[in-house]
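# Secondary and tertiary structure notes
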Amino acid sequence: MDTLAWNGPLPRHLAIIMDGNGRWAERQGLSRLVGHEQGADVVREIVRTCRKIGIEALTLYAFSAQNWGRPDEEVTALMSLLTRYVKSERSEILDNNIRFNAIGDLDALPRPVRFAVEELVDASSEGKGMVLTLALSYGGREEIVHAARRLATEAAAGRLDPKSIDAGHVEAALWTHGLPADVDLVIRTSGEQRISNFLLWQLAYAELWFTEVPWPAFTQEHLFEAFTEYGARERRFGELASRERALC
Ligand code: FPP
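Because the structure is a prediction, the values reported are computed rather than measured.

Within the protein chain, the regular secondary structure consists of eight helices and six strands. Its C-alpha atoms give the protein chain a radius of gyration of 19 Å, near enough to 18 Å, the size a compact globule of 248 residues would have. Across the 248 residues of the protein chain, 46% fall into the buried class. Contacts in the protein chain between residues far apart in sequence, at least 24 positions, make up 77% of those at least 6 positions apart. Surface exposure of the protein chain reaches about 12600 Å², of which carbon and sulfur atoms provide 51%. Where the 28 positive side-chain charges of the protein chain centre and where its 36 negative ones centre are 2 Å apart.

Evaluation of the coordinates by the stated rule reveals seven aromatic pairs. Taken together, a centroid distance of 4.3 Å and an interplanar angle of 10° make the contact between Y61 and F198 stacked. Residue Y61 is found in strand β2 (residues 57–64), and its partner F198 is found in the loop between β5 (185–188) and β6 (207–210); the two are separated by 137 residues along the sequence. Take Y61 and F198: they sit in the same class, and that class is buried. Three or more aromatic residues link up through ring pairs in this structure, and these residues are Y61, Y138, W175 and F198.

Before going further, it helps to examine the site of the ligand. The ligand sits among 17 residues. The nearest are D19, G22, R23, R32 and R70. With respect to the ligand, the backbone of G20 contributes an N or O atom lying 3.3 Å from an oxygen atom. Here an oxygen atom of the ligand sits 3.1 Å away from a polar atom, N or O, in the main chain of G22. Taking 620 Å² as the accessible area of the ligand by itself, protein coverage stands at 93%. Among the elements of the structure, α1 (21–27), α2 (32–53) and α3 (72–95) are those that each provide at least two residues to the shell around the ligand. Split into classes, the residues belonging to the shell around the ligand amount to eight nonpolar, five polar and four charged.

The subject of this paragraph is the environment of T176. As for its placement among the helices and strands, T176 is situated in the loop between α6 (167–173) and β5. Using a relative accessible area of 7% as the deciding quantity, one classes T176 as buried. With residues near it in sequence (within four places) discarded, T176 still touches I103, E143, L199 and Q202.

Our next topic: the side chain of D19. Summarising the element assignment, D19 is placed in the loop between β1 (13–17) and α1. Within the structure, the side chain of D19 is placed 3.0 Å from the side chain of R188, a separation counted as a polar contact. Look past the residues within four positions of D19 in its chain and what remains in contact with it is R188, T189, S190, E192, P214 and W215.

Residue pairs spaced three or four apart in an α-helix point in one direction, given the helix's 3.6 residues per turn. Taking 1.5 Å of rise per residue, 22 residues should cover 32 Å, and α2 covers 32 Å from first to last C-alpha, within 8% of that figure. Within α2 the residues assigned to the buried category are G35, H36, G39, A40, V42, V43, I46, V47, T49, C50 and I53. At the N-terminal boundary of α2, the capping side chain belongs to S31, with an oxygen 3.0 Å from the backbone nitrogen of L33. A positive phi of about 100° marks G54, the residue just after α2.

One pass over the structure, following the stated rule, counts 19 salt bridges. Between E26 and R32 there is a salt bridge, with its nearest N and O atoms 3.4 Å apart. Classification of E26 as partly exposed rests on a relative accessible area of 44%. R48 serves as the salt-bridge partner of E45, at 3.1 Å between the closest nitrogen and oxygen. Here the residue E45 and the residue R48 both occupy positions in helix α2, the gap between them amounting to three residues, near one helical turn. Counted as one network, the salt bridges with shared partners bring together D19, R23, R188, E192 and R194.

Calculation notes
In every chain, residue numbers begin from 1 and rise along the written sequence. Side-chain atom pairs in this predicted model are given and counted only at pLDDT of 80 or more, local residue features only at pLDDT of at least 70, and totals for whole chains, interfaces and linings cover all residues. Working from all heavy atoms in the structure, the side-chain values ignore hydrogens and water. Secondary structure is summarised from DSSP: a helix means a run of H or I of at least four residues, a strand means a run of E of at least two, and numbering begins at the N terminus for each. The globule rule used here is 2.2 Å times the number of residues to the 0.38 power, and the radius of gyration it is set against is calculated over C-alpha atoms. Buried residues are those whose accessible area, probed at 1.4 Å on protein chains only, stays under 20% of the maximum for their type, while exposed residues exceed 50% and partly exposed ones sit between those limits. Between two residues, a contact is recorded if the distance between any of their heavy atoms is within 4.5 Å. Surface accessibility follows the Shrake-Rupley procedure with a 1.4 Å probe radius. Residue values consider only the protein chains on display as shielding. Within this scheme the basic residues Lys and Arg register as positive and the acidic residues Asp and Glu register as negative, but His and the chain ends are omitted. In this description, the location of a charge corresponds to atom NZ of lysine, CZ of arginine, CG of aspartate or CD of glutamate. Centres within 6.5 Å make a pair out of two Phe, Tyr or Trp rings, where for Trp the six-membered ring is used; the pair is then stacked when the planes are under 30 degrees apart, edge-to-face when over 60, and tilted otherwise. Nearness is defined per residue: one heavy atom within 4 Å of the molecule or strand is enough. Between N or O atoms, a polar contact is any pair within 3.5 Å; within protein, one atom must be a potential hydrogen donor and the other a potential acceptor, and residues adjacent in sequence are included only when both atoms are from side chains. Charged residues are taken to be Asp, Glu, Lys and Arg, nonpolar residues to be Ala, Val, Leu, Ile, Met, Phe, Trp, Tyr, Cys and Pro, and polar residues to be all remaining types, Gly included. One fewer than the residue count of a helix, multiplied by 1.5 Å, yields its expected span. What counts as a salt bridge is simple: a side-chain nitrogen of Lys or Arg found within 4 Å of a carboxyl oxygen of Asp or Glu.

Honestly, that's just the spatial picture; any functional story needs more than this.
The following block contains the structure:
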C-alpha cells in the first residue's frame, strides 16, 4: 500500500510496545539478537511512515527499566544496537525535521548510548515535523515516583503549595512533559495483551490495539489496520456517546 494513500483518521500521539523480537527469531532457529536487529529495521520503516502521514508524536518502548534483568549478552547487544540506530538515523531525522526525544532513567544507560541520545536530542531540538520519543530504561511507575519526588522537593522548599497540586503539575513533572499529554492509540505486537509498565499516566484514555504479528514482521499495512480500527471507535473520555447526548 502506498504511504500517501492513507487519509483516514490519525491518532495525534501513537505509542508502540514493540514485542516479539526474540520469539520471531527463535521460531526460525536464529539468535534473539537477530530478532532485535530486524526489529530496528522495522522501527526505521514505521518512523518514516508516521512522519510522512502526519503523526504528531510517536513514542516507542525500546528498553524497559525491567529489561536490565535480561542476560548480560542481550543487554549489551541491545545497547550497542541502540547506539548504532541513533547514529545511523541522525541525518534522516534532521533532514525530515523530526524532534528526537528520550524518556526514562537515562543516567542508567552506558555512556555511548547516553551520549549519542543526548547529542541527537540537542541537535534536533528545533524539529517541528514529528516528535519521536524512545523510552529507554523506562518504567511508568518509575516515572510517577520521579514526578512525585520532584513535586515533594518543590513543596518542601516552599515553592509549591501542596493543596494547589493538580493534574497539570503532575504532567509537567513527568518525563513526557512537552509531548501531547495523552496517548491516543497504543499498539502492542506479538499477542500479549498487557501494558507492561508503559506510560501508565498517559494511557488513561488511550485506545488499545493488539496484534498477533511479532514486531520484526510488522509492516505499514498492519499500522494502517490499527488506524482503521482506531477511526471506527467512539472515544467518550468518560462522557456520554454522541447518540446518547442527542437523546438527553
Ligand atoms: C521486545 O521483544 C523488544 C525489546 C525488549 C526491545 C525492543 C527493541 C527493538 C525493537 C530494537 C531496537 C530499538 C530501536 C529503537 C532501534 P522481546 O525480546 O521481549 O521478544 P520476546 O517477547 O519474543 O522474547
